[in-house]
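Overview (structure and organization)
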Amino acid sequence: MRGGISENTNPLNLIQEIDLLWDPVYPFLTKQIKEIYSRLDGDVLEIGPFCGVIFTLIEQGIGDSFTIATFPKGMGDFFLEESRKRGLEKRIKIIETDSSLKEIDDRKIDLAIFRGALFFPSLFKLDFKAIDRILKPGGIALVGGGFGKYTPDEVIKRIGERSRKLNFEIGKVEINEDQIYEKIRESNINVNFKIIREGGLWVFMKK
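Each value, and the rule that gives it
- Residues numbered from 1 in each chain as written.
- Predicted model: local features only at pLDDT ≥ 70, side-chain atom pairs only at ≥ 80, totals over all residues.
- Heavy atoms only, no water.
- Salt bridge = Lys/Arg side-chain N within 4 Å of Asp/Glu carboxyl O.
- Helix = DSSP H or I, 4+ residues; strand = E, 2+ residues; numbered from the N terminus.
- Buried < 20%, exposed > 50% of the residue type's maximum accessible area, 1.4 Å probe, protein only.
- Phe/Tyr/Trp six-rings, centres within 6.5 Å; stacked < 30°, edge-to-face > 60°.
- Lys NZ or Arg CZ within 6 Å of the ring centre and 35° of its normal.
- Core = buried A, V, L, I, M, F, W, Y, C linked by side-chain atoms within 4.5 Å.
- Contact = heavy atoms within 4.5 Å.
- Axes fitted to C-alpha atoms, helices over the stretch in contact; angles between N-to-C directions.
- Parallel < 35°, antiparallel > 145°, perpendicular 65-115°, else oblique.
- Left-handed = near helix turned anticlockwise from the far one by under 90°.
- Nonpolar A, V, L, I, M, F, W, Y, C, P; charged D, E, K, R; others polar.
- Expected span 1.5 Å × (residues − 1).
- Bend = angle between axes of the 7 residues up to and from the residue.
- Pairing = 2+ DSSP bridges.

Details of the pattern of salt bridges
One pass over the full model with this rule turns up 18 salt bridges. For the salt bridge of Arg162 with Glu17, the shortest nitrogen-to-oxygen distance reads 2.8 Å. Here Arg162, found in helix H6 (residues 153-170), pairs with Glu17, found in helix H1 (residues 11-21); they are 145 residues apart in sequence, far enough to count as distant. Assessed through its relative accessible area of 33%, Arg162 is described here as partly exposed.

Things to note about the packing of aromatic side chains
Any two aromatic rings considered together are summarised by their centre-to-centre distance and by the angle between their planes. Following the criterion strictly, the structure yields 7 aromatic pairs and no others. Look at Phe71 and Phe114: their rings are 6.0 Å apart centre to centre, the planes differ by 80°, and that puts the pair in the edge-to-face class. Of this pair, Phe71 sits in the loop between strand S2 (65-70) and helix H4 (75-85) while Phe114 sits in strand S4 (residues 109-115), placing them 43 residues apart in sequence. Per residue, the accessibility class of Phe71 equals that of Phe114, and both read buried. Between the aromatic rings of Phe78 and Phe79, the centroid separation amounts to 5.1 Å while the plane-to-plane angle is 70°, which identifies the pairing as edge-to-face. Exposure remark for Phe79: the relative accessible area of 1% places this residue in the buried category. Above the ring of Tyr150, the side-chain terminus of Lys31 is found at 4.3 Å from the ring centroid. The ring centre of Phe204 lies 5.7 Å from the NZ or CZ of Lys194, which sits over that ring.

A look at the nonpolar core
Judged by nonpolar contacts, the single largest core of 71 residues is most densely connected at Phe114, Phe128, Ile131, Val143 and Met205. Excluding residues within four positions of it along the chain, Phe128 makes contact with Leu118, Val143, Lys183, Ile184, Ser187, Ile189, Val203 and Met205.

Focus: the packing of H1 against H4
Contact pair H1 / H4: the axes reach a minimum separation of 11 Å and the direction vectors enclose 25°. In this view, H1 runs roughly parallel relative to H4, as classed from their interaxial angle. Handedness of the crossing formed by H1 with H4: right-handed. Together, Leu12, Ile15, Gln16, Asp19 and Leu20 of H1 and Met75, Phe78, Phe79 and Glu82 of H4 make up the contact between the two elements. Here the contact of H1 with H4 is built from residues that sort into 6 nonpolar, 1 polar and 2 charged.

What about the packing of H1 against H6?
Relative to each other, H1 and H6 sit at 155°, their axes nearing to 10 Å. Relative to H6, the element H1 is oriented roughly antiparallel. Viewed along their axes, H1 and H6 form a crossing whose handedness is left-handed. Between H1, through Leu14, Ile15, Glu17, Ile18 and Leu21, and H6, the contact on the second element is made entirely by Ile159, Arg162, Ser163, Leu166, Asn167, Glu169 and Ile170. Per-class residue counts for the contact of H1 with H6 are 7 nonpolar, 2 polar and 3 charged.

Describing H6
Compared with an ideal rise of 1.5 Å per residue, which puts 18 residues at 26 Å, H6 spans 24 Å between its outermost C-alpha atoms and is within 8% of the ideal. When the local axis directions of H6 are compared, the greatest deviation, roughly 45°, occurs at Gly160. The complete set of buried residues in H6 reads Val155, Ile159, Gly160, Ser163, Leu166, Asn167 and Ile170.

Comments concerning the sheet that holds strand S7 (residues 201-206)
Taken in spatial order, the 7 strands of this open sheet run S3-S2-S1-S4-S5-S7-S6, and their pairing is mixed. Pairing within the sheet leaves two strands with one partner each, and these edge strands are strand S3 (92-96) and strand S6 (192-196). Going from strand to strand, the sheet's axes swing by 15° on average, the running direction of each strand aside. As paired elements, strand S1 (residues 43-47) and S4 share 3 bridges and run parallel to each other. Bridged to Glu46 within S4 is Ile113. Packing against the sheet, helix H7 (residues 177-187) makes contact with S6 and S7, and its axis sits at approximately 160° to S6.

Concerning unusual backbone geometry
Residue Pro72 follows Phe71 across a cis peptide bond; omega there is 0°. The residue Pro72 is located in the loop between S2 and H4 in this model. Positive phi values are uncommon outside glycine, yet Ser38 reaches one of about 55°. Inspection of the secondary structure puts Ser38 in the loop between helix H2 (26-37) and S1. For Ser38, a relative accessible area of 58% corresponds to the exposed category. The residue Asn188 is not glycine, and still its phi comes out positive at about 55°. Position of Asn188 relative to the elements: it lies in the loop between H7 and S6. Classification of Asn188 by relative accessible area gives exposed; the value is 64%.

Take it as geometry only, folks, not as evidence of what the structure does.
Put into structure tokens, the structure is as follows:
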């Protein structure tokens, strides 16, 4: 039996459980993102169902403006409540959209983060062209997933089994580098990109 969402299961509940489960990981992922981004300013966007790193970016003083562009429908209320819990509701704009990111203006974003982007075709279709469109010249995007290279083993061990189970129930699939390159070629975009395998599987894009 392959992964997939049961007809009796609300996928939003599973997604939200994953987002909360990963809370101890976000500071360590943020360290890797800071290393790659190497800036303290800029317009920051987190994309999709699996957001949370944006909270620690704010707390660590990375970025000037912050937006969550989330999907599927219903995730906006969840992230609004999470931002309220952290006292950050006035710092973050939360938009419910889809992977076309149609509510985000062209050339608006300096740093885009899209975790889970490569692995959940049952939830959304990854749109590299949309990510390219919203990046400013010189802007970067990290598209993919994983614990990050700095997350301690004890944190991974504590949440890993439950995370794998939830991912399976949501419909996670495996993807290889050849498939990623093919998706980028099909998108017909003109950006610099490379695959990062440290701490997961990520596409690094630079406009």
